[in-house]
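# A structural walkthrough
Residue-level listing of the chains:
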Amino acid sequence: MKRDTRLIHSGRCASDPHLVNPPVRRASTVLGERAQALYEPADGTHHYGRGGLSPNDELRSAISDLYGADHVALAPSGLASVVLAMRAAVQGPGEALITDSVYRPVRRFCDEELPRLGVTPRYYDPRIGADIAGLITPSTRMIALESPGSLTFEVQDIPAITAAARTAGVPTVIDDTWSAGWLMNPLALGVDYAAQALTKYAGGHSDLLMGSVAARGEAAKRLRSQETVNGLHVSPDDAFLCLRGLRTLPLRIERSGETGLELARRLETHPRVGRVLHPALPSSPDRAAYARQFTGPSGCFAFTVKDASPAQGDAIAEACQLFAMGFSWGGFESLILPCDRQIIRKAAPWKPAGALLRLSVGLEDVEDLWADLEGALGG
Ligand SMILES: *Cc1c(COP(=O)(O)O)cnc(C)c1O
């Protein structure tokens, strides 16, 4: 079956095939009759937490199908899922290679918490490609990717990086939030742990926080064990909402991507706009790498306003009517975010020629959205 069909029929209710949607079973413990069975449950049965219960299991199963994974862990936020993937990947003290374009709260985990595990973060240029081999040493414990990168949208050469990592026996982790596992499959490109903030496109309705990590083989075993020891569980109500969002993920992400690309093209010709950071534009330095790895764009990208101070960037965002200001993205509504305050770069310096604004394009009409941007930019 094709992917679109599978996404509709995967993750159906195992206990009752007549149900289109699984029941929401709120439980924190499951009672047993025999003491021995409590301590040694048969495969697939449950005795504590929400493992084995609907709709959490159905959500895991649908995401597993999306990635072709052996195990999918669910975490209470996207940030928690990336952290979980890193904890599963890192085995012992040493150094971790982290893309310089990493999501800022993850960067904070790398700077503050990895050292407590005896691991020193070292940031690399996201466009490094096969040259990552030159940074790998016997003490490299993990390579972390994010593609395209947060705020600056550099596309990484995933197959080149994972090939070098595999040769050296180093596990790889990716933050796959932009593609939502739909526009790309990092596991098929050689990544060991694929995390995504389900909060964004998979949830898609700006009403839940959740994250997932998908893995195969040995990595799947480590992932399962880390999930358990860290006590990660998500609410069945959120799992239900997330599974409901997932059913329409392709429609929403593709429409948002199309509208976003059209707005990106128009912004490129606007006299006040400097650079448009969108990997699918022919003018993008990442266009070829993007086309090799992604089936299409999602609707999140950024642009700079020529010679504008961050305060002038703020004023443009505040002048928008349809594009509301807020963190997060991937919902049905369009958002705009001034980004200059958030950017930290070490390995690949960011030299803006103006204020940086990020857009998350929703499902509104493209002409209405363009009119809003034009009005806010003036002229
Ligand atoms: C939003 C985001 C996250 C974190 O997701 P939360 O659910 O908000 O914790 C992680 N990575 C990227 C790239 C994101 O944009």
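Residues numbered from 1 in each chain as written. Predicted model: local features only at pLDDT ≥ 70, side-chain atom pairs only at ≥ 80, totals over all residues. Heavy atoms only, no water.

### Section: the nonpolar core
Judged by nonpolar contacts, the single largest core of 86 residues is most densely connected at Ile-143 and Leu-267. Two domains share this core, each providing at least three of its residues, namely domain 1 (3–247) and domain 2 (249–377). With near-sequence residues (within four places) excluded, Ile-143 lies in contact with Leu-97, Tyr-124, Ile-132, Ile-136, Ile-161, Ala-165, Val-170, Pro-171, Thr-172 and Val-173. Residues Val-83, Tyr-193, Ala-219 and Leu-232 belong to the second largest nonpolar core, which totals 30 residues. (Core = buried A, V, L, I, M, F, W, Y, C linked by side-chain atoms within 4.5 Å. Buried < 20%, exposed > 50% of the residue type's maximum accessible area, 1.4 Å probe, protein only. Domains from an automatic or database assignment. Contact = heavy atoms within 4.5 Å.)

### Comments concerning the packing of aromatic side chains
Per the counting criterion, the structure on display carries three aromatic pairs. Plain terms: the ring middles of Tyr-201 and Trp-329 are 5.9 Å apart, the flat faces sit at 75° to each other, and that makes the pair edge-to-face. Here Tyr-201 is found in the loop between β6 (193–197) and β7 (211–215), whereas its partner Trp-329 is found in the loop between β10 (324–325) and β11 (335–338), with 128 residues between them in sequence. The same class applies to Tyr-201 as to Trp-329, namely buried. Through successive ring pairs, a cluster of aromatic residues spans Trp-178, Tyr-290 and Phe-294. (Phe/Tyr/Trp six-rings, centres within 6.5 Å; stacked < 30°, edge-to-face > 60°. Helix = DSSP H or I, 4+ residues; strand = E, 2+ residues; numbered from the N terminus.)

### Some thoughts on the domain arrangement of the protein
Its domain assignment divides the protein into domain 1 (3–247) and domain 2 (249–377). The centre of domain 1, based on its C-alpha atoms, is set 26 Å off from the matching centre of domain 2. Between domain 1 and domain 2, the contact holds 42 residues from the first and 42 residues from the second. Summing the contributions of domain 1 and of domain 2, the shared interface buries around 3600 Å²; its carbon and sulfur component is 60%. The three residues of domain 1 that bury the most area against domain 2 are Leu-151, Trp-178 and Tyr-201, which together make up 24% of that side's buried surface. (Buried area = accessible area lost by both parts, 1.4 Å probe.)

### Side note on the pattern of salt bridges
Counted according to the given criterion, the structure contains 16 salt bridges. Close ionic contact of Arg-108 with Glu-112 constitutes a salt bridge, the shortest N to O distance being 3.1 Å. With Arg-108 and Glu-112 both in helix α5 (residues 104–112), this residue pair falls four residues apart, about one helical turn. Classification of Arg-108 as exposed rests on a relative accessible area of 54%. (Salt bridge = Lys/Arg side-chain N within 4 Å of Asp/Glu carboxyl O.)

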